Amino acid sequence: MPVPMFPPGFLWGASASAFQTEGAVDTDGKGPSGWDAFAARPGRIKDGADTTRATGFHARYREDVALLAGLGADAFRFSVSWPRVVPGGSGAVNADGLDFYDRLVDELCAHGVTPAPTLYHWDTPLPLEEAGGWLDRDTAYRFAEYAGIVAERLADRVPMWITINEPAEVTLLGYALGEHAPGRTLLFDALPAAHHQLLAHGLAVRALRAAGADNIGVALSHAPVWTAGDSDEDRLGAELYDTLTNWLFADPVLTGRYPDENIAALMPGPVADDLKVISAPLDWYGVNYYNPTLVGAPRPEALETFSGFTMPAGLPFGIREIEGYEKTGFGWPVVPEGLTEILTLLHRRYGDRLPPLHITENGCALDEPLADDRRIAYLEGHLTALRAAMDAGVDVRGYFTWSLTDNVEWTEGASQRFGLVHIDYETLTRTPKASYAWYRDLIHAQKHQREQPQEQPKRNEPAEGAAEGAAKRVSGG
Ligand code: BGC
């Protein structure tokens, strides 16, 4: 399927994160992160992969920058490891740690690749995690200090910034269900972790701007929530899940309000003052999209989900498996039209409050070492769906595929491979897959057409009804 042409200036990129790639967990003064400690617990990394080594990016970043340059990528979204820069979480700055990102940024710039760092991709410094992590308000202030430190050093060369990645997953998997670091099982008592991450985001936007950084965004996960079944219990379950995963984070950032007064009442305060900080204007907004979620009434029994983690019984909603679609290696359904649906939904819900978007993550795990034709088909489908959303009036400026190379897929270890480039975890040899050549050719073709003048897609008013195709969509707009 040929991918439609995108407007001139559209940014083509790839994404990665520090914990998943860097390794070198105690090299050059790096402190431990909550994830380092969690991964060291027996059985937490299901396949026993060595997360202390990961893909060896810390030592081999030049190879990966060369791979990005070979792709013709405009930008690379990587993350800065907070405990590499501030090992104790507050206090002394590790000069060697900052130097590493300085070298990485220089290397990217020398190859014409825009550095787009994320400041928090889940690796909280261990001393802060042990003091309560995101349950503790102080962590938000420490994060803003660190954001300022990084920006002071890099803002002269970094033209695009991301504060935090997917606070919804950190809250749900890390603090509510205990499947990810820090392994807390607080269920709804995890909500303060959401509020403090949002506060950290808002404070970091301030600190970044004060240090001269510009073009600031955030990377939030979004997925359409489809309702399983027709009962009121099904509808309520789906709506609650939709609120908790899609709007609990986006609404405060984009509108300065929580989506639900009952949830707002559970947040630690001063909520009204914090919301003013959290809703600091952004230059752009990042969407991570993988697949829709099918949700209905509570289930009487615990469920091992298709993502490999367990949803306990007793939650006020029940996740169901989506049938009838091809599945990725992870068992996630391949639903490109879900991307059109969620983007048009965001556009309709927020109207002019929605800044220009970037897709900051999208990709699939496959167990196909090099001939990954299914990844090519996945990317073709999702880029076509993205272009359809743009045709419907959604202002999208860039696409970062997840991921440049295979990497540590959190608790799944090395067993779920999302890369355009294969990693041999024995030798750390990088070998481009078929999808790498395909993405390179796509980027080339897109840039080549930019030499001819193209009409920009029009920015319409919120596209009413554009996403009505999925009959069972939960109305979040
Ligand atoms: C995370 C990535 C992760 C990807 C695939 C996102 O939730 O930001 O770190 O590897 O999804 O699971």
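Below, the structure is looked at part by part. (Residues numbered from 1 in each chain as written. Predicted model: local features only at pLDDT ≥ 70, side-chain atom pairs only at ≥ 80, totals over all residues. Heavy atoms only, no water.)

## Topic: the site of the ligand
Heads up, the condition is: In these notes, residues near a molecule or strand are those with any non-hydrogen atom within 4 Å of it. In the analysis that follows, any N or O atom pair within 3.5 Å is treated as a polar contact, provided that within protein one partner can donate a hydrogen and the other can accept it, and provided that, for residues neighboring in sequence, both atoms belong to side chains. The Shrake-Rupley method, run with a 1.4 Å probe sphere, supplies the accessible areas, and residue values consider only the shown protein chains as cover. Each residue is assigned to one of three groups, with Ala, Val, Leu, Ile, Met, Phe, Trp, Tyr, Cys and Pro labelled nonpolar, Asp, Glu, Lys and Arg labelled charged, and all others, Gly among them, labelled polar.
Contacts to the ligand come from Gln20, His121, Trp122, Asn165, Glu166, Tyr290, Trp332, Glu361, Trp402, Glu409, Trp410 and Phe418. With respect to the ligand, the side chain of Asn165 contributes an N or O atom lying 2.9 Å from an oxygen atom. Here the ligand, which alone exposes 310 Å², has 93% of that area covered by the protein. Split by residue class, the shell around the ligand holds 6 nonpolar, 3 polar and 3 charged.

## Topic: the nonpolar core
Let me state the cut-off plainly: Only buried residues count toward a nonpolar core, which is a set of Ala, Val, Leu, Ile, Met, Phe, Trp, Tyr and Cys residues joined through side-chain atoms within 4.5 Å. Partly exposed describes any residue whose relative accessible area lies between the buried limit of under 20% and the exposed limit of over 50%, with all areas from a 1.4 Å probe on protein chains only and scaled to the type maximum. Per the convention used, a helix needs a DSSP run of H or I reaching at least four residues, while a strand needs a run of E reaching at least two, with both numbered from the N terminus.
Core analysis: the largest hydrophobic core is formed by 147 residues, its most contacted members being Phe143, Trp161, Leu343 and Leu386. At 11 residues, helix α9 (residues 191-210) tops the list of elements feeding residues into this core. Membership of the second largest hydrophobic core comes to 8 residues, among which are Leu11, Ala219, Trp284 and Phe400.

## Side note on the sheet that holds strand β5 (residues 161-165)
Our working rule: Pairing between strands is defined by DSSP: at least two bridges between them are needed.
Judged by pairing direction, the sheet is parallel, and its 9 strands sit side by side in the order β3-β2-β1-β14-β13-β8-β6-β5-β4 without closing on themselves. The open sheet terminates on both sides in strands that have one partner only, identified here as β3 (114-115) and β4 (118-120). When β4 meets β5, the two strands line up parallel, connected through 2 bridges. Bridged to Tyr120 within β5 is Ile164.

## Structural notes on the packing of aromatic side chains
Under the convention used in this document: Pairing of aromatic rings covers Phe, Tyr and Trp, the last through its six-membered ring, and needs centres within 6.5 Å; plane angles under 30 degrees mean stacked, over 60 mean edge-to-face, and all others mean tilted. Two limits define a charge over a ring: the Lys NZ or Arg CZ must be within 6 Å of the ring centre, and within 35 degrees of the ring normal.
Across all of its chains, the model carries 32 aromatic pairs by this definition. Residues Phe19 and Trp410 carry aromatic rings whose centres are separated by 5.2 Å and whose planes lie at 10° to one another, so their mutual orientation is stacked. Residue Phe19 is located in helix α1 (residues 18-21), and its partner Trp410 is located in the loop between β14 (396-402) and β15 (421-424); the two are separated by 391 residues in the primary sequence. Across the pair, Trp410 and Phe19 agree in class, each one buried. Ring centres of Trp247 and Tyr350 lie 6.2 Å apart, and the angle between their planes is 65°; on these two criteria the pair is classed as edge-to-face. In this pair, Trp247 sits in helix α10 (residues 232-255) while Tyr350 sits in helix α13 (residues 337-350), placing the two residues 103 residues apart along the sequence. For the pair formed by Trp247 and Tyr350, the shared burial category is buried. If you follow Arg84 out to its NZ or CZ, it ends over the ring of Phe100, 5.9 Å from the centre.

## A word on the pattern of salt bridges
Here is the rule: Put simply, a salt bridge is a Lys or Arg side-chain nitrogen that is within 4 Å of an Asp or Glu carboxyl oxygen.
One pass over the structure, following the stated rule, counts 33 salt bridges. Between Arg430 and Asp64 there is a salt bridge; the shortest N-O distance is 2.7 Å. One end of the pair, Arg430, is in strand β16 (residues 429-432); the other, Asp64, is in helix α3 (residues 57-71), with 366 residues separating them in the sequence. A single burial state applies to Arg430 and to Asp64, both of which are buried. Close ionic contact of Lys447 with Asp74 constitutes a salt bridge, the shortest N to O distance being 3.0 Å. Placement of the pair is Lys447 in helix α15 (residues 434-449) and Asp74 in the loop between α3 and β2 (75-77), with a sequence separation of 373 residues. In this structure, a network of salt bridges that share partners links the residues Asp99, Asp102, Asp106, Arg153, Asp156 and Arg157.

## Some remarks on the packing of α3 against helix α5 (residues 95-110)
The test is simple: All axes are obtained by fitting lines to C-alpha atoms, using only the stretch in contact for helices, and the reported angles, taken between N-to-C directions, cover 0 to 180 degrees. Roughly parallel means an angle under 35 degrees; roughly antiparallel, over 145; roughly perpendicular, 65 to 115; everything else is oblique. When the near helix sits turned anticlockwise from the far one by under a right angle, the crossing is termed left-handed; a clockwise turn instead gives a right-handed crossing. Contact definition: two residues touch when any of their heavy atoms are within 4.5 Å.
Where α3 contacts α5, the two axes come as close as 10 Å, and the packing angle between them is 15°. On the basis of their axis angle, the class for α3 and α5 is roughly parallel. Here the hand of the crossing between α3 and α5 comes out right-handed. Residue-level contacts link Phe57, His58, Tyr61, Arg62, Val65 and Leu68 of α3 to Phe100, Arg103, Leu104, Glu107 and Leu108 of α5.

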